[in-house]
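Per-entry structural report
Given next are the chains, with one letter for each unit.
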Amino acid sequence: MKSARPKTRSGPCRVGLISMPFVSCFRPSIQLGLLKSVAAARRFSVHTFHLNLDFARQIGPGAYEEICAVRRAFIGDWLFAGAAFGDALPDRAPDFLTEYDSDIHAAITSVDKPAEYLRTVREAEVPQFLDAMMAELPWPDLEVIGFTSTFQQNAASLALAKRVKRAHPSIVTVFGGANVEGDMGVELVRAFPDIDYAVTGEGDRAFPEFLDALASGRDPATVAGVLCRRDGAVHGAGCRPAPVDLDTLPPPDYDEYFDRAERLGLLSMAPRRHVGIPFESSRGCWWGQKHHCTFCGLNGTGMAFRAKSPQRLRQELASAARRYRSFTFEAVDNILDMAYLRTVLPQLIEAGTDYELFYELKANLTREQLRLLRTAGVRQVQPGIESLSTRILRLMRKGATAAQNVNTLRWALYHGITVWWNLLYGFPGEHREDYLAQERLMPLLAHLPPPNGAYRIRMERFSPIFTDRAAFPARQVRPQASYRHIYPGHVALDRIAYFFDYTFVDALPEADLAGIRRRADAWRESWAEPVAPSLTFHAAEDFLQIEDARDPAQPGTYTFTGPLARIYRFCSDRPVTPSAVRARLNPDRPLDEVTEALSGFCTRGLMMRDGERYLSLALPATPGR
Amino acid sequence: MAGEIRITQDDIDSLATKLDNFSEALTNKERDVMSAIMRLAAGALESPSNQSRTSEMGTPEKSPGGRLSDGFRQAFEHGLGTTFRIRPGGAISHSIDGG
Ligand code: SF4
């Protein structure tokens, strides 16, 4: 293969940044928005093209979003594989549709015959879409096109890159995004000649420097983080750009996303938009820096935690609200900066903003912290709950206990914060009893928001369970099976894959986990009923009634007076030990009597015990205090 | 004022939360020591000079009556709260002042 040395250029080049299917059409790409701003700040002429919007409109946004959300099968890549790889396509027969029949039927519910529908999309809709994009975009005006590729965007991006290179060979193609991290980027550049360059790691500095180099005739391959083929090998691997100071970045530019969504009729013109604006307040993970959760594929080199200054973040939110006429914001951060609990969030309350924010955060939050979050406008959180067993949480190095997780669910519900969470299983060293205990606990939590589902952990590239085989002995580690239906034979799947199939030496088989999956399903179904399960206490001084409608068909009321009423309330804010209860109630009470009382609450399903700690499960009747 | 610390319920709750988290890192023996210190501290806080403090635990228990778990007997009844089956006519003030 000939090397991709650039021609000498003069003056800033014209750049198109493209987001292909499959990534949700309901929000702009922060990667595109940010790169547009950083490149525009260096006087490059940049346009963003959210072509995922066009495809969503063409095949119907309902089915489109369902395909985006599929966890295992990489349906989106399979749909574009024919167009991307042509004769080299590995999967001419409908093997894929047969192998993933159950996943497809479970995931795609908005069309009658999902398998037939997918075949039509692959054979007719995809070529039609690519033809339309080739006809519509101003290719002759562009000198560089950049594709952002995360999860299911590889095949569609490669399909369009191939057509563009055929029709306009002088256009320089560059790939970036999570799919280009580490070995995956090296293999993409090695295997696909339609990719001239890839930018790996943080592109905020590398991408404009790359454009500078192209414009001035310097060799772009000298820029840290830029990969390209040279003399049959990939040049630039292992050289990542240094992390940037987030305050130095300009705000992302989403104007063209909204123009396009409105022009396509996906979003109606209105004075105010209910669209989640992605924003970034931090990168890396402060917890993972100390204890990398065993299943987490956050790149080790991308773990270093940095956050925007409070002032900068507030300015960014305020100007985005004005510019895009939306008050809904979604943080793309891996984890909330705990310092914001003392800075940004109280400042937002003080400023009286009406933002609706989404954040991922660590689950061991207190009642007070959740109240602060809600008052500041945090409406949705993903707290990384993952399990209701402290032992399993230790195995995954999550740094939280089951009781803390339950307490987060309680006070989030109380304060009106929606919680997104999953139950995970399949950890080396887990025991059957760890899950039986969760099965016993789950019906007691019926009044709390249910998990999205119970799933076996996936082995992700960069996660400790993938990289540290000595600590996590696994058999038959191989690229997830769906990749072989997508990529041609010359692609090294073990280098391009992000997900891997595997068998842990000492994790439980699927059959042992049927119970927890069933419980999770039942929990979710009970929340879909017209009357949601509830467990509420009404308190007077020294008097307490707990209304138990966790099974709405068989409600009951518990009445407690005196010390039992006080104990129940004392164990409500956070998980506490019997010694702490006794110290607070009456140091003269024998400890075993206090413990017996706490066990009495547990026996009646009104408290949970987690190791030495007890936690009341009911929520106060008066909301939002 | 020098030598006098004003302690609020929030102070105690926030310290208790931190200690709860911190105790994850302690051995069993160290936890016993911490519990003993907490007991002493609780005793001191509940001394007469601090009696005006109110808390979610209400007034601290002075003399234990029967066994705590006696309170579980007959604590449960089927059903939830009830109200009149007919719709109430208006605010209570209407029936007091005839308005
Ligand atoms: S799972 Fe979340 S908390 Fe754990 S290391 Fe990854 S980003 Fe950090």
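Residues numbered from 1 in each chain as written. Chains lettered and ligands numbered in written order. Predicted model: local features only at pLDDT ≥ 70, side-chain atom pairs only at ≥ 80, totals over all residues. Heavy atoms only, no water.

Tallying secondary structure elements over chain A gives 24 helices and 25 strands in all. The C-alpha radius of gyration of chain A comes to 27 Å, within 12% of the 25 Å expected for a compact globule of 625 residues. Along the longest, intermediate and shortest principal axes, the C-alpha atoms of chain A span 85 × 55 × 45 Å. Out of the 625 residues belonging to chain A, those deemed buried represent 58%. Taking all contacts inside chain A whose residues are at least 6 apart in sequence as the whole, residues at least 24 apart take part in 74%. Carbon and sulfur atoms form 51% of the exposed surface of chain A, whose accessible area is close to 24400 Å². Distance from the positive charge centre (75 side chains) to the negative charge centre (73 side chains) of chain A: 3 Å. (Helix = DSSP H or I, 4+ residues; strand = E, 2+ residues; numbered from the N terminus. Rg over C-alpha atoms; globule rule 2.2 N^0.38 Å. Buried < 20%, exposed > 50% of the residue type's maximum accessible area, 1.4 Å probe, protein only. Contact = heavy atoms within 4.5 Å. Areas by Shrake-Rupley, 256 points an atom, 1.4 Å probe, with all protein chains shown as cover. Lys, Arg positive; Asp, Glu negative; His and termini not counted. Charge placed at Lys NZ, Arg CZ, Asp CG, Glu CD.)

A count of helical and extended segments in chain B gives three helices and one strand. Order of helices (α) and strands (β) in chain B, N terminus to C terminus: α-α-β-α. The buried share of chain B, taken over its 99 residues, is 21%. Total accessible area computed for chain B in this model is approximately 7900 Å², and 58% of it derives from carbon and sulfur atoms.

Residue and element names in this part refer to chain A. Scanning all chains against the criterion turns up 38 salt bridges over all chains. A salt bridge links Glu143 to Arg14; the nearest nitrogen and oxygen atoms lie 4.0 Å apart. Taken together, the residues Glu143 in the loop between helix 7 (114-136) and strand 3 (144-148) and Arg14 in strand 1 (residues 14-19) connect sequence positions 129 residues apart. Several salt bridges share partner residues, and in doing so they unite Lys36, Asp253, Asp255, Glu256 and Arg323 into one network. (Salt bridge = Lys/Arg side-chain N within 4 Å of Asp/Glu carboxyl O.)

On to the sheet that holds strand 22 (residues 556-561) of chain A. Strand order across the open sheet formed by five strands is 25(A)-20(A)-21(A)-22(A)-1(B), with mixed pairing between neighbours. Single-partner strands in this sheet number two, and they are strand 25 (619-620) of chain A together with strand 1 (76-78) of chain B. Pairing of strand 20 (residues 534-540) of chain A with strand 25 of chain A, which is carried by two bridges, proceeds in the parallel orientation. Within the sheet, the bridge partner assigned to A:Phe537 lies in strand 25 of chain A and is A:Pro620. (Pairing = 2+ DSSP bridges.)

This next bit is on helix 2 (residues 51-59) of chain A. All names here are of chain A. Within helix 2, seven of the nine residues are buried, which leaves the element mostly enclosed by the surrounding structure. Looking at helix 2, one finds that the buried residues are Leu51, Asn52, Leu53, Asp54, Phe55, Ala56 and Ile59. One or two steps after helix 2, the chain reaches Gly60, where phi turns positive at roughly 100°.

Two aromatic rings, taken as a pair, are described by how far apart their centres are and by the angle between their planes. Residue and element names in this part refer to chain A. Summed over the entire model, instances satisfying the criterion amount to 39 aromatic pairs over all chains. Taken together, a centroid distance of 6.4 Å and an interplanar angle of 25° make the contact between Tyr483 and Tyr487 stacked. Pair check on accessibility: Tyr483 and Tyr487 agree, each one buried. Ring centres of Tyr568 and Phe601 lie 5.1 Å apart, and the angle between their planes is 50°; this geometry places the pair in the tilted category. Residue Tyr568 is found in helix 22 (residues 562-570), and its partner Phe601 is found in helix 24 (residues 591-603); the two are separated by 33 residues along the sequence. Taken as a pair, Tyr568 and Phe601 share a single burial class, namely buried. Above the face of the Phe499 ring, Arg458 is positioned so that its terminal group lies 3.5 Å from the ring centre. If you follow Arg469 out to its NZ or CZ, it ends over the ring of Phe466, 5.0 Å from the centre. (Phe/Tyr/Trp six-rings, centres within 6.5 Å; stacked < 30°, edge-to-face > 60°. Lys NZ or Arg CZ within 6 Å of the ring centre and 35° of its normal.)

Here we take up the pairing of strand 22 of chain A. As defined by bridge partners, strand 21 (residues 543-549) of chain A adjoins strand 22 of chain A across six bridges and the pair is classed as antiparallel. Within strand 22 of chain A, the residue paired with A:Gln545 across the bridge is A:Thr559. Between strand 21 of chain A and strand 22 of chain A, which pair antiparallel in sequence order, lie six residues. Judged from the three bridges that link them, strand 22 of chain A and strand 1 of chain B form a sheet pairing that is antiparallel. Among the inter-strand pairings, A:Tyr558 is bridged to a residue of strand 1 of chain B, identified as B:Phe76.

The next point concerns unusual backbone geometry. All names here are of chain A. Note the cis peptide between Pro21 and Phe22, where omega equals 5°. Turning to its location among the elements, Phe22 is positioned in the loop between strand 1 and helix 1 (30-41). Here Gln476, not a glycine, exhibits a phi torsion of approximately 50°, which is positive. Within the secondary structure, Gln476 is located in strand 18 (residues 474-479). For Gln476, a relative accessible area of 54% gives the class exposed.

Next up on the list: the domain arrangement of chain A. Here chain A is partitioned into domain 1 (14-236), domain 2 (271-527) and domain 3 (534-620). Computed from C-alpha coordinates alone, the two centres of domain 1 of chain A and domain 3 of chain A are separated by 55 Å. (Domains from an automatic or database assignment.)

A word on the site of the ligand. Taken together, A:Cys285, A:Trp287, A:Gly288, A:His292, A:Cys293, A:Cys296, A:Leu298, A:Asn334 and A:Lys398 make up all the residues around the ligand. Among the residues making up the shell around the ligand, the classes are represented as five nonpolar, three polar and one charged. (Near = heavy atom within 4 Å. Nonpolar A, V, L, I, M, F, W, Y, C, P; charged D, E, K, R; others polar.)

Here we come to the side chain of A:Glu256. Residue and element names in this part refer to chain A. Of note, Glu256 is situated in helix 11 (residues 255-263). Exposure remark for Glu256: the relative accessible area of 18% places this residue in the buried category. A polar contact is formed between the side chain of Glu256 and the side chain of His47, at a distance of 2.7 Å. Not counting the four nearest positions on each side in its chain, Glu256 is found in contact with Lys36, Val46, His47 and Thr48. (Polar contact = N/O pair within 3.5 Å; in protein donor to acceptor, adjacent residues only side chain to side chain.)

Bringing the side chain of A:Ser282 into the picture now. Residues and elements named next belong to chain A. Position of Ser282 relative to the elements: it lies in strand 9 (residues 282-283). Look at Ser282 and you get buried, because its relative accessible area is 2%. Once you skip the residues sitting within four places of it in the chain, Ser282 turns out to touch Leu246, Phe305, Arg306, Ala307, Asp333 and Ile335.

Residues and elements named next belong to chain A. Close contact between helix 14 (residues 344-351) and helix 15 (residues 367-375) brings their axes to 9 Å; oriented N to C, the two are set at 45°. With respect to helix 15, the axis of helix 14 lies oblique. Here the hand of the crossing between helix 14 and helix 15 comes out left-handed. Contact residues: Leu345, Pro346 and Ile349 in helix 14; Leu372, Leu373 and Thr375 in helix 15. Here the residues of the contact of helix 14 with helix 15 sort into five nonpolar, one polar and no charged. (Axes fitted to C-alpha atoms, helices over the stretch in contact; angles between N-to-C directions. Parallel < 35°, antiparallel > 145°, perpendicular 65-115°, else oblique. Left-handed = near helix turned anticlockwise from the far one by under 90°.)

It is worth spelling out the environment of A:Phe192 at this point. All names here are of chain A. Its location among the elements puts Phe192 in the loop between helix 9 (182-191) and strand 5 (197-199). Owing to a relative accessible area of 6%, Phe192 belongs among the buried residues under this scheme. In the structure, Phe192 is positioned 424 residues away from Ser616 in sequence and 58 Å away in space, judged by C-alpha atoms. Apart from residues lying up to four places away in sequence, Phe192 is in contact with Phe85, Leu158, Arg229, Tyr487, Pro488, His490, Val491 and Ile496.

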